[in-house]
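# Chain and residue survey
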Amino acid sequence: MLKRRGGQVPGVQLVMRSTRVVTPEGTRAASVSVRDGRITEVGPYDARVPDGAELADAGEDAVLPGLVDTHVHVNDPGRTEWEGFSTATRAAAAGGITTLLDMPLNSLPPTTTVAHLRTKQDTARAQVHVDTGFWGGAIPGNVADLRPLHEAGVFGFKCFLSPSGVEEFPELGPAALESALTEIAGLGGLLIVHAEDPSHLAAAPQKGGPAYADFLASRPRAAENDAIARLIDLARKLDARVHVLHLSSGDALPAIARARREGVAITVETCPHFLTLSAEEVPDGATEFKCCPPIRERANQDALWQGLADGDIDCVVSDHSPCTAELKDGDFGTAWGGISSLQLGLPAVWTAARSRGHTLDDVARWMSSGPARLAGLDGRKGAVAPGHDADFAVLAPEESFTVDPVRLHHRNPVTAYAGSTLHGVVRATWLRGQRIAEDGRPLRQCGRLIERNQHAGRTETQRTERPTA
Ligand SMILES: [Zn+2]
């Protein structure tokens, strides 16, 4: 415990002050004291700044908890022409994200064994601008790898129920899904699922071509709804913890909500593109909008917003899944599926949220504390509160900008938001008390590799570092 002298926490090195600090108890004028990269106090706005401490005065700009993006495809090593740890985490920092979890596929190797995890960590270590952790992968034949991966610090395991798009990461059939989930439940772990039923996809017309309506018809809502229904049944039967990735079909929400009320441990995320873009406005041939499951109709989007308002959706994360511009050539049948939006998630969601009467407190719950809880990082990440890392996104909520892809930091200047006018300019991003980005420019690189929170607050790097006393 910190001892107080004259009402002050000793050793405060930074005071972050704003008229709008977004805390778990609401938004208020406050001064946030930071020592050794952690928040020690959220005090009165006019609190005296201790001698020797830096004052960061955000004025009227809002200070949110740094965003936690638990769904990012960094693709490094192996497909670094698509993305990489340096470019992805620079984009994250510029966009107000301070913690990122990397998906286990699209890199070579995929994160399906401990050796592969080590390869990925070794690749990432010297490159990351934000704190970075890893999901493991559950694929056919790797049940024996799940416990070692869990013990090595992955945050949980991702699987697909339909083809993933890359041959080194096959989907799990019903029997393999049950054995993987049985093993993961025994570990007290989490299975995160790309839930589209392959039989519905196989039965749907696969026309290809430039028409977005044809692509949408090829990934029907029923594929998601049925896959999620089966997942709920299995989670209930095995008493397992499961998470639905990138929910697109609002039709599935009542079943999820019912299961939660009945005590099934199921959580769900959706993504900025499902909340802000609609099928009606996707131009034919515009493959930068292609992703799986797909962007659906406006009425469906309203159902997703209702799910957020009702608390039935736990988090909003990017599913940033980039590729080269060449792989987006062609039509909806042939182009790579994935939306590039890492740097834009906060303004995209805020733009739509404010028009629907939501507040920055809601956005912080969906994009910071919600994903932190999913990853077991709550208590350390995702809140402006004592004991948490001093991770901040400083946002000018009323200001707007027009998206110019070449000014974004992810590797390939492709995004579905090109030319859009968005509200909410990220002025600065702070990671553990250090300014890591300012006005869209990444600054110092001080990200760390993080592991599942077996021991509160321990990060991989801290094992070899002496804590600064
Ligand atoms: Zn994904």
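The rules behind each value
- Residues numbered from 1 in each chain as written.
- Predicted model: local features only at pLDDT ≥ 70, side-chain atom pairs only at ≥ 80, totals over all residues.
- Buried ≥ 20, exposed ≤ 12 C-beta atoms within 10 Å, placed from the backbone.
- Helix = DSSP H or I, 4+ residues; strand = E, 2+ residues; numbered from the N terminus.
- Arc of directions from axis to C-beta.
- Contact = placed C-beta atoms within 7 Å.
- Pairing = 2+ DSSP bridges.
- Axes fitted to C-alpha atoms, helices over the stretch in contact; angles between N-to-C directions.
- UniProt positions renumbered as here; feature names shortened; annotations may be inferred.
- pLDDT = per-residue confidence, 0-100.
- Parallel < 35°, antiparallel > 145°, perpendicular 65-115°, else oblique.
- Left-handed = near helix turned anticlockwise from the far one by under 90°.
- Nonpolar A, V, L, I, M, F, W, Y, C, P; charged D, E, K, R; others polar.

What follows concerns helix α3 (residues 143-151). Residues of α3 that are buried include every one of D145, L146, L149 and H150, and no others. Buried residues in α3, looked at end-on, bunch into an arc of 135°, giving them a common side. Where α3 is buried, its residues contact α2 (114-124), β9 (136-137), β10 (157-160) and α4 (174-187). Just downstream of α3 lies G153, where phi reads positive at about 105°.

With that out of the way, let us pick up the sheet that holds strand β7 (residues 97-102). With respect to topology, 3 strands assemble into an open sheet ordered β6-β7-β8, the strand pairing being parallel. One side of each edge strand has no neighbouring strand; the edge strands of this open sheet are β6 (67-72) and β8 (131-134). For this sheet, the mean inter-axis angle between neighbouring strands, taken without regard to orientation, is 20°. Against the sheet, helix α1 (residues 85-94) engages β6, β7 and β8, with an angle of about 145° to β7.

Attention now goes to the UniProt feature "domain: Amidohydrolase-related" (unreviewed entry) in the protein chain. Here, the residues flagged by UniProt with the feature "domain: Amidohydrolase-related" (unreviewed entry) are residues 63-435. End C-alpha atoms of residues 63-435 are separated by 13 Å, and the span's content is 34% helix alongside 17% strand.

Right, let's talk about the sheet that holds strand β12 (residues 241-244) for a bit. If you trace the 6 strands from one edge of the open sheet to the other, you get β9-β10-β11-β12-β13-β14, paired in parallel fashion. Strands with a single pairing partner mark the edges of an open sheet, and in this sheet they are β9 and β14 (315-316). Where β10 meets strand β11 (residues 190-194), 4 bridges bridge the pair, whose relative direction is parallel. When the sheet's bridge partners are listed, F157 is paired in β11 with L191.

Let us now look at the environment of N412. By the element assignment, N412 lies in the loop between β15 (392-402) and β16 (421-431). Using a count of 19 C-beta atoms within 10 Å as the deciding quantity, one classes N412 as partly exposed. When the C-alpha positions of N412 and S33 are compared, they lie 38 Å apart, and in sequence the two are 379 residues distant. In this structure N412 touches P322, C323, T324 and A325, once residues within four positions along its chain are discounted.

Bringing the confidence of the model for the protein chain into the picture now. With 95% of its residues at a pLDDT of at least 70, the protein chain reaches an overall mean of 93. Under a pLDDT of 50 for its full length, residues 1-6 has, in the predicted model, 6 contacts with residues more than four places off or in other chains.

With respect to the helices and strands, the residue R365 is situated in helix α12 (residues 360-374). Among the residues examined, R365 registers 24 C-beta atoms within 10 Å and is labelled buried. For the pair formed by R365 and C315, sequence separation is 50 residues and the distance between their alpha carbons is 7.5 Å.

This part is about unusual backbone geometry. With an omega dihedral of 10°, the bond running from L108 to P109 counts as a cis peptide bond. In this chain, C292 is followed by P293 through a cis amide linkage whose omega measures -10°. Relative to the elements of secondary structure, P293 occurs in the loop between α9 (272-276) and α10 (298-309). The phi dihedral of N106 falls on the positive side, at around 90°, and the residue is not glycine.

Below, the discussion takes up the packing of helix α11 (residues 345-355) against α12. Where α11 meets α12, the axes come as close as 11 Å, and the angle between the chain directions of the two elements is 140°. Considering their axes alone, α11 and α12 lie oblique with respect to each other. Relative to α12, the crossing made by α11 is right-handed. Residues G345, L346, V349, W350 and A353 of α11 pack against D362, V363 and M367 of α12. Across the contact of α11 with α12, the residue classes tally to 6 nonpolar, 1 polar and 1 charged.

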